[in-house]
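This is what each chain is made of:
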Amino acid sequence: MTTFVFRRLGFMLATLLIISLLIFVMTEVVPGDFASILLGQRAQDETLLAAWRSRLDLDQPPDQRYLSWLAGLFQGDWGTSWFYQTPVLPLVLQRLVNSAVLLVLALLVGVPLGILLGMIAGVYRSRWPDTLMTIGMLLVASLPEFVLGTFLIIIFASWLSWLPATSLMAADTDLREAWSLLVLPILTLVLITLPYIARTTRSSMIDVMEQDYIQAVVLRGIPFPLVVLRHALPNALLPTISVIALSIGWILGGAVVVEHVFAFPGLGSLLLSAVSNQDIPLLQATVLLIAMIYALSNLVADLLSHLLDPRVSAT
Amino acid sequence: MNTSSSESHELHPADMASHTPLLHERPAASAVSAGQPLRGVAWFGRLCRYPPGLIGLLIVVLYVCLALFAEAIAPYSASEQDLTATLQAPSAAHWFGTDQYGRDIFSRVLIGSRDILLLAFSSAALGLLLGTSVALVAGYYGGTLDELLMRAMDMLMSFPALLLALLILATFGSALLNLVVCIGIVFMPRVARVIRSVVLKIRVQDYVTAAQVRGESGYSILVREILPNARGPLVVEGAIRLSYAILIGASLGFLGLGLQPPSPDWGLQVSEGRIFLLTAPWVSVFPALAIASLVIGANLLADGLMHALQP
């Protein structure tokens, strides 16, 4: 077990190192000389160009720049955003908190709901609750996040007028006061995770319900709901738990789109604004941060599935 | 250490999550029927007798036909503006209404189908080609090469798909070719993982051993013995990739990283209609419905193929 943990940890760190290199090469080396891109027409002016190049540290060789960028990351100096003109780290962390609120609330709603739906479908396999859920999940899983979000806005804001039109909010809106703005983004995130959790629970529920020990419990005359909840569900949840850990990474990708749909001030919309503003330090930081969270949730998923089921023998 | 450690990746929950069939039950990743050749049209008959599969096939074929004849069917051109008839509700003259420039949304959705289908089919094909090449080499030769290749694939996979696509497009710009290459690269590790497990099962079959004893070259065994026998899983994987390609392609379009205006890209149209969602919802709704129905069709088709090819 300890060897496994250290191997996985080592692999994660190596992956992150390579990802950081990839991010650096893709954002700084490939596009060419940023000073001349930023200056445009004025790049003809040699002295101005040289001044900007040294200001952006472009006069250093790429390997030097990569190493100093990497060292800065560890020292908490994530650079300065070109667009917002503020240090990147506090900006990114503030947005991270917003996204985390969204993510945690979505998981708090989505996980129990997904387990419940999967459990019902698994117990009533091939009967109408199962068919209904399977078709529903197929529809939801086929809709891209932005299509789901758009439909939800039309239904809840336009037809029913229950919720604010679009969840456009100022960057400094206090999330505790603006709870109604959070409902639709959370609902969208819940809907995109639901199918995965429900399907996994369903198929493991089916497996468990066919086991001898369940039949034995049923034959002993124990009430059926008790059989399902006390005897079947705990065992059926094993595969679901690692799917939940993995779905954190999955939601994170989806969150980029969902935040854009609702103009939610999270990490995802910050990333997109960094792309459209060509804000390289900010782009590097957000991509790396999201990759880090993704790698961590993968690690947790691996460790959990290893802990819960030693038969998945990963060396 | 080599084979056993990489073997565990097949049970990686990420794969189970992303490849769990929607309707047809495939017991586990290991149930891929390796070495079972596709014979004649028997599988096609099975696909057509399985209602969800048939519906999916019909939807996808319908969209392909619409895309092929889009120019002929569309009542207006995709870029034709009519500033006297902006944001009009659906009517007999404009079935899906008009957008903020008075462009006919029905025509734009029809003509936009060409781009998304071209993008989806070519990026799925590229992903399949890249992934299968890696899988064949890694699965057949095994050893250190396998370990190296699959570790590299793991690293690519540890990058969220959308983020990888975003980074590539932000660097190289978003032309159709770049989008295809970018989605192809995103798919490569995912295809490689699935197909490699198939190759591992085929490589120990008698006919492969026989070919090895005959002294055939590695290349010839890969292309003539292993590849043809992996056709079933390849077709299924291709269909799965097709539906993901539509999803990713549309999402990138929506984020403004796909084809640029005034292109009638579906995702872009949904995005452009967002400001009119409360006053003129049809601007976004019809392209959104088009995306949804096409993805549902592709998903059902993938499901049906899985049912027909891996019974």
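Reading the values: the criteria
Residues numbered from 1 in each chain as written. Chains lettered and ligands numbered in written order. Predicted model: local features only at pLDDT ≥ 70, side-chain atom pairs only at ≥ 80, totals over all residues. Heavy atoms only, no water. Helix = DSSP H or I, 4+ residues; strand = E, 2+ residues; numbered from the N terminus. Buried < 20%, exposed > 50% of the residue type's maximum accessible area, 1.4 Å probe, protein only. Contact = heavy atoms within 4.5 Å. Areas by Shrake-Rupley, 256 points an atom, 1.4 Å probe, with all protein chains shown as cover. Buried area = accessible area lost by both parts, 1.4 Å probe. Salt bridge = Lys/Arg side-chain N within 4 Å of Asp/Glu carboxyl O. Polar contact = N/O pair within 3.5 Å; in protein donor to acceptor, adjacent residues only side chain to side chain. Nonpolar A, V, L, I, M, F, W, Y, C, P; charged D, E, K, R; others polar. Domains from an automatic or database assignment. Core = buried A, V, L, I, M, F, W, Y, C linked by side-chain atoms within 4.5 Å. Phe/Tyr/Trp six-rings, centres within 6.5 Å; stacked < 30°, edge-to-face > 60°. Lys NZ or Arg CZ within 6 Å of the ring centre and 35° of its normal. pLDDT = per-residue confidence, 0-100.

1. Describing the overall build of chain A
Part 1: Along its length, chain A carries twelve helices and zero strands.
Part 2: Along its sequence from the N terminus, chain A presents helices and strands in the succession α-α-α-α-α-α-α-α-α-α-α-α.
Part 3: The buried share of chain A, reckoned over its 315 residues, is 52%.
Part 4: Counted over contacts in chain A with a minimum sequence separation of 6, partners at least 24 positions apart contribute 71%.
Part 5: Of the roughly 14,900 Å² of accessible surface on chain A, 67% is carried by carbon and sulfur atoms.

2. Observations concerning the interface of chain A and chain B
Part 1: Every contact between the two is made by 52 residues of chain A and, on the other side, 50 residues of chain B.
Part 2: Buried surface at the junction of chain A and chain B, summed over both partners, amounts to about 4,700 Å²; 78% is from carbon and sulfur atoms.
Part 3: By the criterion of area lost to chain B, the three top residues of chain A are Met26(A), Leu138(A) and Phe146(A), representing 13% of everything that side buries.
Part 4: Linking chain A with chain B are zero salt bridges.
Part 5: Taken together, chain A and chain B are joined by four residue pairs in polar contact (both at pLDDT 80 or more).
Part 6: Of all elements in the fold, only α1 (2–29), α6 (128–142), α7 (145–159), α8 (179–209), α10 (224–261), α11 (267–276) and α12 (280–308) of chain A reach the threshold of two or more residues within the side of chain A that touches chain B.
Part 7: Class assignment for the residues of the side of chain A that touches chain B results in 34 nonpolar, twelve polar and six charged.

3. Notes on the environment of Val181(B)
All names here are of chain B.
Part 1: Structurally, the position occupied by Val181 is in helix α9 (residues 176–202).
Part 2: The exposure class assigned to Val181 is partly exposed, which follows from its relative accessible area of 35%.
Part 3: Taking the C-alpha atoms as reference points, Val181 and Ser133, 48 residues apart in sequence, are found 16 Å from one another.

4. Observations regarding the side chain of Arg190(B)
Residue and element names in this part refer to chain B.
Part 1: Inspection of the secondary structure puts Arg190 in helix α9.
Part 2: There is a polar contact of 2.7 Å between the side chain of Arg190 and the backbone oxygen of Val186.
Part 3: In contact with Arg190, other than residues within four places in its own chain, are Met157, Phe159, Ala161, Glu237 and Arg241.

5. Quick word on the domain arrangement of chain A
Residues and elements named next belong to chain A.
Part 1: Along its sequence, chain A is organised into domain 1 (2–74) and domain 2 (88–314).
Part 2: Listed per partner, the contact involves 16 residues of domain 1 and 16 residues of domain 2.
Part 3: Buried surface at the junction of domain 1 and domain 2, summed over both partners, amounts to about 1,400 Å²; 80% is from carbon and sulfur atoms.
Part 4: Taken as a group, Phe4, Arg8 and Met12 account for 38% of the area that domain 1 buries against domain 2, more than any other trio of residues on that side.
Part 5: Linking domain 1 with domain 2 are zero salt bridges, by the criterion used here.
Part 6: Our count for the contact surface shared by domain 1 and domain 2 stands at one residue pair in polar contact (both at pLDDT 80 or more).
Part 7: Here the side of domain 1 that touches domain 2 gets twelve residues from one element, more than from any other, and that element is α1.
Part 8: Tallied by class, residues from the side of domain 1 that touches domain 2 come to twelve nonpolar, two polar and two charged.

6. Here's the deal with the nonpolar core
Part 1: In terms of nonpolar packing, the biggest core is built from 169 residues, with Phe146(A), Met205(A) and Ile226(B) touching the most fellow members.
Part 2: Looking at which domains feed residues into this core, each of domain 1 (2–74) and domain 2 (88–314) of chain A supplies at least three.

7. Regarding the pattern of salt bridges
Part 1: Taken as a whole and assessed by the stated rule, the structure comprises twelve salt bridges over all chains.
Part 2: The closest approach of N and O atoms between Glu210(A) and Arg125(A), which form a salt bridge, is 3.2 Å. A residue pair is termed long-range when its members are at least 10 positions apart, and Glu210(A) in the loop between α8 and α9 (212–219) and Arg125(A) in the loop between α5 (88–123) and α6 qualify at 85 residues.
Part 3: Looking at Glu210(A), the relative accessible area reads 53%, which means it is exposed.
Part 4: A residue is classified by how much of its surface remains accessible, and Arg125(A), at 33% relative accessible area, is partly exposed.
Part 5: Here Arg151(B) ties to Asp154(B) by a salt bridge, and the two come within 3.8 Å at their closest N and O atoms. Taken together, the residues span about one helical turn, with Arg151(B) and Asp154(B) both in helix α7 (residues 143–157) at a distance of three residues.
Part 6: Here the salt bridges do not stand alone but share partners, grouping Glu147(B), Arg151(B), Asp154(B) and Arg193(B) into one network.

8. Some words on the packing of aromatic side chains
Part 1: By the definition in use, this model includes ten aromatic pairs over all chains.
Part 2: A centroid spacing of 6.2 Å and a plane angle of 45° characterise the contact between Tyr66(A) and Trp69(A), whose relative ring orientation is tilted. With Tyr66(A) and Trp69(A) both in helix α4 (residues 62–74) and three residues apart, the pair spans about one turn of that helix. One exposure class covers both Tyr66(A) and Trp69(A), and it is buried.
Part 3: Among the aromatic residues, those joined into a ring-pair cluster are Trp95(B), Phe96(B), Phe106(B) and Phe286(B).
Part 4: A cation sits over an aromatic face here: Arg151(B) above Phe11(A), 5.0 Å from the ring centre.
Part 5: Lying across the ring of Phe187(B), Arg241(B) places its NZ or CZ 4.9 Å from the centre.

9. Comments concerning the confidence of the model for chain A
Part 1: On average, residues of chain A score 82 in pLDDT, and 90% of them reach the 70 mark or higher.
Part 2: Summarising per-element confidence for chain A, the mean pLDDT is lowest in helix α2 (residues 34–39) of chain A (69) and highest in α5(A) (90).

10. Looking at the environment of Arg65(A)
All names here are of chain A.
Part 1: Mapped onto the elements, Arg65 comes out in helix α4.
Part 2: With a relative accessible area of 13%, Arg65 lands in the buried category.
Part 3: Separated by 37 residues in the primary sequence, Arg65 and Glu28 place their C-alpha atoms 9.6 Å from one another.
Part 4: Contacts of Arg65, omitting those with residues within four sequence positions, involve Phe24, Glu28, Asp57, Leu58 and Gln60.

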